[in-house]
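Chain residues, written in single-letter form:
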Amino acid sequence: MAHTLKKIMLVEDDPDIQFITRLSLETGGYEVWGCGNGAEAMQSARAYAPDLILLDVMMPGMDGPATMAALRKMPELAATPMVFFTANAHAEMRQDLLRRGALDVIVKPIEPTALVEQIRAIWQRIEAASSR
């Protein structure tokens, strides 16, 4: 990655979690575009052109994995890093999401100050891998 992480698309159906997550990320210096479900993400992802997409796993309608698969079909988003966040901390769930192409999995409930550091650490891993 030759650019700095600036724009994060947040896909989360719970308004309270979306608010806290958005506030935390914006306080950390990121521009955040919030979507309440997978369909909204599909409609706005191309125009927003996020550097990173943060997806809730369990959402009504199109869940997180289905949303990621649909977004990956868009050529301009095919390589966009995607990170899941979920209340399900089981190792099997994490491994399944990573196998599907997620870059990482963050376990909820989130700690607002720790979230920014987690996102920064994930982005640093992306940059280190791309410089090899």
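Up top is the structure these notes are about.
So, here's what we can say about the structure.

Parameters at a glance
Numbers given to residues run from 1 along each chain, matching the order in which its sequence is written. It should be noted that, the model being predicted, local features are given only for residues of pLDDT at least 70 and side-chain atom pairs only at 80 or more, the latter also being counted only at that level, while totals for whole chains, interfaces and linings use all residues. In computing side-chain properties, one takes all heavy atoms of the structure into account and sets aside hydrogens as well as water. The aromatic pairing rule takes the rings of Phe, Tyr and Trp, using the six-membered ring of Trp, and pairs them if the centres are within 6.5 Å, calling planes under 30 degrees apart stacked, those over 60 edge-to-face and the rest tilted. Note on criteria: charge over ring means Lys NZ or Arg CZ within 6 Å of the ring centre, with the direction from the centre no more than 35 degrees off the ring normal. Interaxial angle, 0 to 180 degrees, is taken between N-to-C directions of lines fitted to C-alpha atoms, where a helix line uses only the stretch in contact. What counts as a helix is a DSSP run of H or I of at least four residues, what counts as a strand is a run of E of at least two, and both are numbered from the N terminus. Oblique is the label for any angle not under 35 degrees, not over 145, and not in the 65 to 115 range, which are roughly parallel, roughly antiparallel and roughly perpendicular in turn. In this scheme the handedness of a crossing depends on how the near helix is turned from the far one: anticlockwise by less than a right angle means left-handed, clockwise means right-handed. Every residue pair with non-hydrogen atoms within 4.5 Å of one another is taken to be in contact. In the scheme used here, Gly and all other residues not listed as nonpolar or charged are polar, with Ala, Val, Leu, Ile, Met, Phe, Trp, Tyr, Cys and Pro taken as nonpolar and Asp, Glu, Lys and Arg as charged. Polar contact is defined as a pair of N or O atoms within 3.5 Å, subject to the rule that within protein one atom must be able to donate a hydrogen and the other to accept it, and that residues adjacent in sequence are counted only when both atoms are side-chain atoms. Exposure categories follow from relative accessible area, calculated using a 1.4 Å probe and restricted to protein chains: below 20% of the type maximum is buried, above 50% is exposed, and the middle band is partly exposed. A helix's residues, less one, multiplied by 1.5 Å, set its expected span. Patch criteria: residues need more than 30% relative accessible area and no salt bridge. Like-charged residues are merged within 9 Å; nonpolar side chains of Val, Leu, Ile, Met, Phe, Trp and Tyr are merged within 5 Å. Only the protein chains shown count as covering a residue, and every accessible area follows the Shrake-Rupley method with a 1.4 Å probe. Each reported salt bridge corresponds to a side-chain nitrogen of Lys or Arg within 4 Å of a carboxyl oxygen of Asp or Glu. For this analysis, a nonpolar core means a set of buried residues of the types Ala, Val, Leu, Ile, Met, Phe, Trp, Tyr and Cys, connected via side-chain atoms within 4.5 Å.

## Some thoughts on the packing of aromatic side chains
All told, the structure shown has one aromatic pair when counted by the stated rule. Above the ring of Y48, the side-chain terminus of K7 is found at 4.7 Å from the ring centroid. Taking NZ or CZ as reference, K108 lies 4.9 Å from the ring centre of F85, over its face.

## Focus on the packing of helix α1 (residues 15–27) against helix α5 (residues 112–130)
Describing two packed helices takes the angle between their axes plus the distance from one axis to the other. α5 packs onto α1 with a crossing angle of 60° between their chain directions and a minimal axis gap of 9 Å. Looking at the two axes, α1 sits oblique to α5. Seen from above, α1 lies across α5 with right-handed handedness. Contacts between α1 and α5 involve I20, T21, S24 and L25 on the former and, on the latter, P112, T113, L115, V116 and I119. In the contact of α1 with α5, the residues fall into six nonpolar, three polar and no charged.

## So, the side chain of E12
If you trace the backbone, E12 turns up in the loop between β1 (7–11) and α1. A polar side-chain atom of E12 sits 3.0 Å from a polar atom in the side chain of K108. Sequence-distant contacts of E12, defined by excluding residues within four places in its chain, comprise I17, Q18, C35, G36, D56, M59, F85 and K108.

## What about the environment of V83?
Relative to the helices and strands, V83 is located in strand β4 (residues 82–86). Looking at V83, the relative accessible area reads 0%, which means it is buried. Counting along the chain gives 64 residues from V83 to F19, while the straight-line C-alpha distance between them is 18 Å. With residues near it in sequence (within four places) discarded, V83 still touches L52, I53, L54, L55, L103, D104, V105, I106 and I122.

## Examining α5
In this model, α5 (19 residues) spans 28 Å end to end at C-alpha, consistent with the 27 Å of a helix rising 1.5 Å per residue. Packing partners of the buried residues in α5 comprise β1, α1, β3 (52–56), β4 and β5 (104–107).

## Considerations on a nonpolar patch on the surface
A grouping of F19, I20 and L23 is seen on the molecular surface, where their side chains present a nonpolar patch of about 300 Å² in accessible area. With respect to the helices and strands, the residue F19 is situated in helix α1. Of the residues examined, F19 reaches a relative accessible area of 55% and is grouped as exposed.

## With respect to the nonpolar core
Core analysis: the biggest nonpolar cluster contains 20 residues, and M9, V11, I53, L55, L71, F84 and L97 have the highest contact counts within it. Of all the elements in the fold, those that place two or more residues in this core are β1, α2 (38–48), β3, α3 (64–72), β4 and α4 (91–99). With three residues, the top contributor of residues to this core is α2. Ignoring any residue separated from it by four or fewer positions in sequence, one finds I53 in contact with M9, V11, L71, T80, P81, M82 and V83. Of all hydrophobic cores here, the second largest spans 18 residues; its members include I8, L25, I106 and V116.

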